[in-house]
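Results of the structural survey
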Amino acid sequence: SDAVIAAVNQNQAPVANAGGDKSGFVGQEISFDGSESFDIDGSIIRYDWDFGDGSAANKAKTSHAYSADGTYTATLTVTDDGGASSDDAALAAISKKLAFFDDFQNGLSKSKWKKSGALNWNAKKPAEKSLGNNSNLVAHADKCKDSCVLTMKNPLDLSKYKSATLKLKRYVDNELDKGEFLKIKALKNDKWKTIAMWTNEQGDDEWHEEEIDLSAYLTKKFKVRFVAKSTVGEDTEIDDVAIEFVE
């Protein structure tokens, strides 16, 4: 009898193409396009995106807004009509939008800050606890018996943003006495309101990162100020003052 040989064509996997790497800002819609993916022996029937932050989508062309800064891996998985699949990835570098930033590395800039009260806010190396490398400068207040005030010089228009956040690093001496403090104040309707404060027994001689929601201060003439009150040798310091926003 004649032998019958049946040729079976094996399904080949599709080729995923997530497109090029992306960059953008927090809250910005970033476009992703996987339409250049292809299948040489059939058709792609499913597109699955994993944006790397717990969010997903299932269209060839889609968009996504990240809620935090960082570098994310957006992975596209495509599946063909034979059940085979493959994946490809694109990096999404997401940055913060800054309305204001000062790391004091160029000193206490007169174009950014105005001193009042006891004029003892100065840019210098940390007095007691280092922060970063040995050349790092911070804003330092000492000898502030009558209060040392450091005020943002030029107002910011935050009214056009959905949200804003004040971020900074701060140091408070653990020897602050009653009535001594570091205060952060924000300007609203021409009135200064205290939005954070550390006083006696609340310092610990350590640097801390603070994050303060400014949703209640989305005004056209926003300012922030730092008020220190202390005696000789009782240090308060700040660094990396940033105001981030989401449009």
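Before any of the text, the structure's been laid out above.
Residues numbered from 1 in each chain as written. Predicted model: local features only at pLDDT ≥ 70, side-chain atom pairs only at ≥ 80, totals over all residues. Heavy atoms only, no water.

**Observations concerning the environment of D213**
To be explicit about the condition: Secondary structure follows DSSP: runs of H or I at least 4 residues long count as helices, runs of E at least 2 residues long count as strands, and numbering of each begins at the N terminus. Accessibility here uses a 1.4 Å probe with only protein chains present; expressed as a share of the type maximum, an area under 20% marks a residue as buried, one over 50% as exposed, and anything in between as partly exposed. N or O atoms within 3.5 Å of each other form a polar contact, as long as, within protein, one can give a hydrogen and the other can take it, and as long as residues adjacent in sequence are counted only when both atoms are side-chain atoms.
Looking at where D213 falls in the secondary structure, it is placed in strand β16 (residues 207–213). Take D213: its relative accessible area is 52%, and that puts it in the exposed class. Between the C-alpha atom of D213 and that of K178, which follows or precedes it by 35 residues, the distance is 27 Å. A polar side-chain atom of D213 sits 2.7 Å from a polar atom in the side chain of S215.

**Topic: the state of the cysteines**
Put simply, the rule is: In what follows, a disulfide is any cysteine sulfur pair within 2.5 Å.
According to the stated counting rule, one finds one disulfide in the structure shown. Here C144 connects covalently by a disulfide to C148, the sulfurs 2.0 Å from one another. With the S-S bond torsion at -100 degrees, the cross-link from C144 to C148 turns out left-handed. Accessibility expressed as a relative area gives 0% for C144, which makes it buried.

**Focus on the packing of aromatic side chains**
Here is the rule we go by: The pairing test for Phe, Tyr and Trp rings, Trp by its six-membered ring, is centres within 6.5 Å, and the orientation test on the planes gives stacked under 30 degrees, edge-to-face over 60, and tilted for anything in between.
In total, this model carries nine aromatic pairs according to the counting rule given. Ring centres of W49 and F51 lie 6.2 Å apart, and the angle between their planes is 5 degrees; this geometry places the pair in the stacked category. Classification of F51 as buried rests on a relative accessible area of 1%. In textbook terms, an aromatic cluster arises when at least three aromatic residues are bridged by ring pairs, as seen for F100, F104, W113 and F226.

**Looking at the pattern of salt bridges**
The test is simple: A side-chain nitrogen of Lys or Arg and a carboxyl oxygen of Asp or Glu constitute a salt bridge if their distance falls within 4 Å.
Counting across every chain of the model gives nine salt bridges. Notably, a salt bridge pairs K112 with D102, separated by 3.9 Å at the nearest N-O pair. Of the two residues, K112 is situated in the loop between β8 (97–102) and β9 (113–117) and D102 in strand β8; the sequence distance between them amounts to ten residues. With relative accessibility at 29%, the residue K112 sits in the partly exposed group. Look at D102 and you get buried, because its relative accessible area is 5%. Between K169 and D240 there is a salt bridge, with its nearest N and O atoms 2.7 Å apart. Linking K169 in strand β13 (residues 163–172) with D240 in strand β18 (residues 236–246), this pair joins segments that are 71 residues apart in sequence. Classification of D240 by relative accessible area gives partly exposed; the value is 22%. Counted as one network, the salt bridges with shared partners bring together K96, K167, E211 and E244.

Treat this as a map of the structure, not an account of what it does.
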